[in-house]
Amino acid sequence: MTNEKMREEFERWLVTSKGYTRSSVENLCPISGKYYSPYVRRMWEAWQASRENLEVELPSEYSGIYSLRDGGFYKVKEVKQKLTEQGFKVK
C-alpha cells in the first residue's frame, strides 16, 4: 500500500470514527509534510506501525482455487495481487 493510500484511510478513520473535521485532518506542514497536531501525529505513527507487520500466508499458486466471502472464485495468484494492492505482505 502506498503511503498516500494509507494516509487517506487514516484521515477517513479520523473523520468518521473520531470526530475530527476534514480541515483539521488535512492541516499538514508544507515543509515537513507532518500533521501540526501532536495528537494526530502520534496517531498517524501508530497507524503506520500497525500496518507494517500485516502479513498473510496463502497456499501455493498450484493448489487450485481460493474462495472469497463474496462468492467469487479467484486463483491464488489473483488473491495475492489483490492483497498486495491493499497493503498486505503476502508470503
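A few points on the structure. Note that this is a predicted model, so its numbers are computed, not measured.

Re helix 3 (residues 38-52)
With 15 residues, helix 3 should reach 21 Å at 1.5 Å per residue; the first-to-last C-alpha distance of 21 Å fits that figure. The complete set of buried residues in helix 3 reads Val-40, Trp-44 and Trp-47. One face of helix 3 carries all of its buried residues, which in axial projection span an arc of 60°. Projecting away from the buried face of helix 3 at angles above 90 degrees are the exposed residues Tyr-39 and Arg-42. Check the buried side of helix 3 and you find it contacts helix 1 (3-18).

A look at helix 1
The first and last C-alpha atoms of helix 1 sit 21 Å apart over 16 residues, in line with the 22 Å expected at 1.5 Å per residue. If you check which residues of helix 1 are buried, you get Met-6, Arg-7, Phe-10, Glu-11 and Leu-14. End-on, the buried residues of helix 1 take up no more than an arc of 135°, which puts them together on one face. Residue Gly-19 follows helix 1 closely and has a positive phi angle near 80°.

Quick look at the packing of helix 1 against helix 3
Axis separation between helix 1 and helix 3 bottoms out at 11 Å; the angle between their running directions is 125°. Judged by the inter-axis angle, helix 1 sits oblique to helix 3. Between helix 1 and helix 3 the crossing geometry is right-handed. Between helix 1 and helix 3, the residues in contact are Asn-3, Met-6, Arg-7, Glu-9, Phe-10, Trp-13 and Leu-14 and Val-40, Met-43, Trp-44, Trp-47, Gln-48 and Arg-51, respectively. Its residues assigned to classes, the contact of helix 1 with helix 3 comprises 8 nonpolar, 2 polar and 3 charged.

Structural notes on the pattern of salt bridges
Oppositely charged side chains can pair when the atoms bearing their charge come close. Under the criterion given, the structure shown has 2 salt bridges. Glu-11 is paired through a salt bridge with Arg-22; the nearest N and O atoms lie 3.7 Å apart. Residue Glu-11 is found in helix 1, and its partner Arg-22 is found in helix 2 (residues 22-25); the two are separated by 11 residues along the sequence. For the salt bridge of Glu-26 with Arg-22, the shortest nitrogen-to-oxygen distance reads 3.7 Å. What emerges from the salt-bridge pattern is a single network uniting Glu-11, Arg-22 and Glu-26.

About the cut-offs
Residues numbered from 1 in each chain as written. Predicted model: local features only at pLDDT ≥ 70, side-chain atom pairs only at ≥ 80, totals over all residues. Heavy atoms only, no water. Helix = DSSP H or I, 4+ residues; strand = E, 2+ residues; numbered from the N terminus. Expected span 1.5 Å × (residues − 1). Buried < 20%, exposed > 50% of the residue type's maximum accessible area, 1.4 Å probe, protein only. Arc of directions from axis to C-beta. Contact = heavy atoms within 4.5 Å. Axes fitted to C-alpha atoms, helices over the stretch in contact; angles between N-to-C directions. Parallel < 35°, antiparallel > 145°, perpendicular 65-115°, else oblique. Left-handed = near helix turned anticlockwise from the far one by under 90°. Nonpolar A, V, L, I, M, F, W, Y, C, P; charged D, E, K, R; others polar. Salt bridge = Lys/Arg side-chain N within 4 Å of Asp/Glu carboxyl O.

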